Amino acid sequence: MVRVSEILHARHHSSGGIFSVNTIDLEQFNGLSSPLALLDNFRVSGQPFGPHPHAGFSAITYVFEDSPVALRSRDSLGNDLEIGPGGIVWLQAGRGALHQEVPSVRGGELHGAQIYVNLSMRNKLTDPQTMYMLPGQVPEWRSETGDRVRVLVGAYGNVISPVKPVEPYTILEAFVSHGIDLPLAVGDNTVVYVLDGQLEVSLDDHIHRLSSETALAFSGTGEVKLAAFNGVAHALLLAGPALNEPVVADGPFIMNDTAGIRSAFHRFQSGQMGTLDAV
């Protein structure tokens, strides 16, 4: 049996013409999106966020291929990266790290997806690590009918991403011109987020129609069929093992209890997460 959520519409908000975001309210999926903790489609043309800490989860930024400029991603692990359109950076924060991400060109508009993936209790304090792929390094799956799937993390068909987080997770970017199949693994929660176009999601003889800036979540085993209508559908497909654990989030930290949050703040304030000057 597959559990299916209601279709959610992204909420839009912006800040002073510098930052604009469409966000999916994952809480409305009633647990069907875990371990996914944040899913945003954003555009930023300034520097609204200075260096800041994360702990207890992974912070992922994917730069869409249509982004006018690249991403500059810096962290307290010593990385200073330029990730061009079509590239991805995965900060596995674990016990804690600082980072700052800005458009590579001051005043240029960066278009990307911000994704947070929670870590299980056993890996909350794992060593922080930064993994990334430049645009030309992202493997792709293509069908004879013109469908294209960029395998950012995880696998699709026989195409495997070199990004290997401490816990399995899948992030695919799909351009569906005809139709593709999406297998559902035992114990996984899956989220389909349509960024542009219209997509039919067929499951157990039921068809769910998604339009631009809508999302659907499901859990169970089987296979979902995704078919475009009225042109090409552009979507993010995200899946991973559900975490049936307590979640306590406070600012930049996601832990299992308040003691974990206090400990993370202590590590940050005492410099154990390193240092990072603003650009």
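In case you missed it, the structure is sitting above this.
Residues numbered from 1 in each chain as written. Predicted model: local features only at pLDDT ≥ 70, side-chain atom pairs only at ≥ 80, totals over all residues. Heavy atoms only, no water.

### Thoughts on the overall build of the protein
- On a plain count of helices and strands, the protein comes out with one helix and 27 strands.
- In terms of overall dimensions, the protein is globule-like: its C-alpha atoms have a radius of gyration of 18 Å, near the 19 Å expected for 279 residues.
- If one aligns the C-alpha atoms of the protein with their principal axes, the spans along those axes are about 55 × 40 × 35 Å.
- Looking at the 279 residues of the protein, the share that counts as buried comes to 55%.
- By sequence separation, contacts in the protein at least 24 residues apart represent 71% of the contacts at least 6 residues apart. (Helix = DSSP H or I, 4+ residues; strand = E, 2+ residues; numbered from the N terminus. Rg over C-alpha atoms; globule rule 2.2 N^0.38 Å. Buried < 20%, exposed > 50% of the residue type's maximum accessible area, 1.4 Å probe, protein only. Contact = heavy atoms within 4.5 Å.)

### Here's the deal with the nonpolar core
- Counting residues in hydrophobic clusters, the biggest one holds 31 residues, and the most contacted among them are I24, F29, L39, I115, I171 and L238.
- Ignoring sequence-local partners within four residues, the contact set of I24 consists of L8, A10, F29, L39, Y193 and A215.
- In terms of nonpolar packing, the next biggest core, distinct from the first, is built from 25 residues, V2, V151, L172 and L203 among them. (Core = buried A, V, L, I, M, F, W, Y, C linked by side-chain atoms within 4.5 Å.)

### Some remarks on the side chain of T61
- Its place among the elements puts T61 in strand β7 (residues 57–63).
- Since its relative accessible area comes to 1%, T61 is described here as buried.
- A polar contact of 3.4 Å, which involves the side chain of T61, links it to the side chain of Q114.
- In contact with T61, other than residues within four places in its own chain, are F42, L71, G87, I88, V89, E101, A113 and Q114. (Polar contact = N/O pair within 3.5 Å; in protein donor to acceptor, adjacent residues only side chain to side chain.)

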